[in-house]
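# Notes for the structure review
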Amino acid sequence: MFDLGGRVAAVTGGNGGIGLAMAEGLARCGASILVIGRNAEKNAKAEGILKKHGVEAASVTADVTNEDDCAAAVDAAKEKFGRLDILVNNAGTNIRNVPHKLSLADWQTVISTNLTSAFICSNAAYPLLSENGGKIINIGSMLSIFGSSYGAAYAASKGGIVQLTKSQAVAWAPDNIQANAILPGWINTDLTRQARIDVDGLHERIESRTPAGRWGDPDDLSGIAAFLASPASDFVTGTAIPVDGGFSVNI
Ligand code: NDP
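Residues numbered from 1 in each chain as written. Predicted model: local features only at pLDDT ≥ 70, side-chain atom pairs only at ≥ 80, totals over all residues. Heavy atoms only, no water.

Scanning all chains against the criterion turns up 6 salt bridges. Residue Arg-28 is joined to Asp-219 by a salt bridge in which the shortest nitrogen-to-oxygen separation is 3.2 Å. Taken together, the residues span a long stretch of sequence, with Arg-28 in helix α1 (residues 17-28) and Asp-219 in the loop between α7 (202-209) and α8 (222-229) at a distance of 191 residues. Taking relative accessible area as the criterion, Arg-28 reaches 48% and is therefore assigned partly exposed. For Asp-219, a relative accessible area of 45% puts it in the partly exposed group. (Salt bridge = Lys/Arg side-chain N within 4 Å of Asp/Glu carboxyl O. Helix = DSSP H or I, 4+ residues; strand = E, 2+ residues; numbered from the N terminus. Buried < 20%, exposed > 50% of the residue type's maximum accessible area, 1.4 Å probe, protein only.)

Structure below.
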């Protein structure tokens, strides 16, 4: 039911953090992986890590905010593996500031990296995904649900991810494509490392509000990714699933 043997997954931002952990989850179930990221050195390292799971892995250096790069990444999947079954739209960034001090350029960077990228990459992948039926996994956040004084662009992008996911689920159901979103809680990665340094008491605040009593590890996302990529989730579409140790259900 969770077997991904013979399937091919492309993971944007799959060269580190949550993206690499999810890619490893898919590889452990037998999927071949295409890593998509900007940093060629990190891409090559991730490829090596994924191959240790006994699957084929390749990488493409691409900026997911660029339509031509996304098209080239999908072409690479076709060329290297002959097919594409799973797309994980995970690449993301954050620029923290209160709304009235956030420049338009910073707003646009966050929206295009976190939201427009998922639109572009999914559309580029659609023809291949629809050949055999497929899976789209979009990565949201707790800020798909909550607001934050320092996270206007990030929250707007991650709220948008949920609505994009629902629309893809409805539009592409006739093609046997399931689209779902994962909303990670607070996970220990490069993205949150700086916030923990900058924001006094953040580490402890998250720990005490999270019923599980800890920050998440990237590997906490690998199981849900494998589920949403596998035949086990063939009747699951348009959902947004928090993976947060209970953070979002605790007042
Ligand atoms: P990291 O900073 O560790 O990883 C971000 C990844 O995105 C990198 O692999 C990076 O690759 C890639 N990336 C960023 N911009 C681009 C771009 N323009 N083109 C291609 N790749 C790009 O962050 P996380 O692992 O923490 O975050 C992964 C996802 O999870 C993001 O969408 C984030 O918003 C989300 N998330 C994270 C949470 C957390 O607590 N950490 C919580 C909720 C959601 P490269 O370096 O090569 O550019």
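Further remarks concern the site of the ligand. In the region of the ligand, 29 residues are neighbours, and Asn-15, Arg-38, Lys-42, Tyr-154 and Thr-189 sit closest. The contact in question runs from an oxygen atom of the ligand to an N or O atom on the backbone of Gly-185, over 3.5 Å. One nitrogen or oxygen atom from the side chain of Thr-189 is found 2.5 Å from an oxygen atom belonging to the ligand. Out of a free accessible area of 890 Å², the ligand has 93% covered by protein chains. At the level of elements, α1, α5 (152-172) and α6 (190-198) are the ones that each hand at least two residues to the shell around the ligand. (Near = heavy atom within 4 Å. Polar contact = N/O pair within 3.5 Å; in protein donor to acceptor, adjacent residues only side chain to side chain. Areas by Shrake-Rupley, 256 points an atom, 1.4 Å probe, with all protein chains shown as cover.)

Next up on the list: the packing of aromatic side chains. The geometry of an aromatic ring pair comes down to the distance between the two centres and the angle between the two planes. For the structure shown, the criterion picks out 4 aromatic pairs. Considering the side-chain rings of Trp-186 and Trp-215, the 5.7 Å spacing of their centres and the 70° angle between planes classify their relative orientation as edge-to-face. Remark: Trp-215 occurs in the loop between α7 and α8 and Trp-186 occurs in the loop between β6 (177-184) and α6; sequence separation between them is 29 residues. Here the aromatic cluster, defined as three or more aromatic residues joined through ring pairs, consists of Phe-146, Trp-186, Trp-215 and Phe-247. Against the face of Trp-215 rests Arg-196, its NZ or CZ located 3.6 Å from the ring centre. The ring of Phe-247 has Arg-209 lying over it, and the distance from NZ or CZ to the ring centre is 4.1 Å. (Phe/Tyr/Trp six-rings, centres within 6.5 Å; stacked < 30°, edge-to-face > 60°. Lys NZ or Arg CZ within 6 Å of the ring centre and 35° of its normal.)

Attention now goes to the packing of helix α3 (residues 67-81) against helix α4 (residues 104-132). The geometry of α3 relative to α4 is characterised by a closest axis approach of 8 Å and an angle of 25° between their N-to-C directions. In terms of orientation, α3 lies roughly parallel with respect to α4. Relative to α4, α3 is oriented so that their crossing is right-handed. Residues Glu-67, Cys-70, Ala-71, Val-74 and Lys-78 of α3 lie in contact with α4, whose contacting residues are Ile-120, Cys-121, Ala-124, Ala-125, Leu-128 and Glu-131. Split into classes, the residues belonging to the contact of α3 with α4 amount to 8 nonpolar, no polar and 3 charged. (Axes fitted to C-alpha atoms, helices over the stretch in contact; angles between N-to-C directions. Parallel < 35°, antiparallel > 145°, perpendicular 65-115°, else oblique. Left-handed = near helix turned anticlockwise from the far one by under 90°. Contact = heavy atoms within 4.5 Å. Nonpolar A, V, L, I, M, F, W, Y, C, P; charged D, E, K, R; others polar.)

A word on the side chain of Ser-144. By the secondary structure assignment, Ser-144 is in the loop between β5 (134-139) and α5. With relative accessibility at 18%, the residue Ser-144 sits in the buried group. A polar contact of 2.8 Å, which involves the side chain of Ser-144, links it to the backbone oxygen of Lys-158. Sequence-distant contacts of Ser-144, defined by excluding residues within four places in its chain, comprise Lys-158, Gly-159, Val-162 and Leu-183.

We now examine the UniProt feature "domain: Ketoreductase" (unreviewed entry) in the protein. In the numbering used here, UniProt assigns the "domain: Ketoreductase" (unreviewed entry) feature to residues 7-175. From the first C-alpha to the last, residues 7-175 spans 17 Å; its make-up is 53% helix and 15% strand. (UniProt positions renumbered as here; feature names shortened; annotations may be inferred.)

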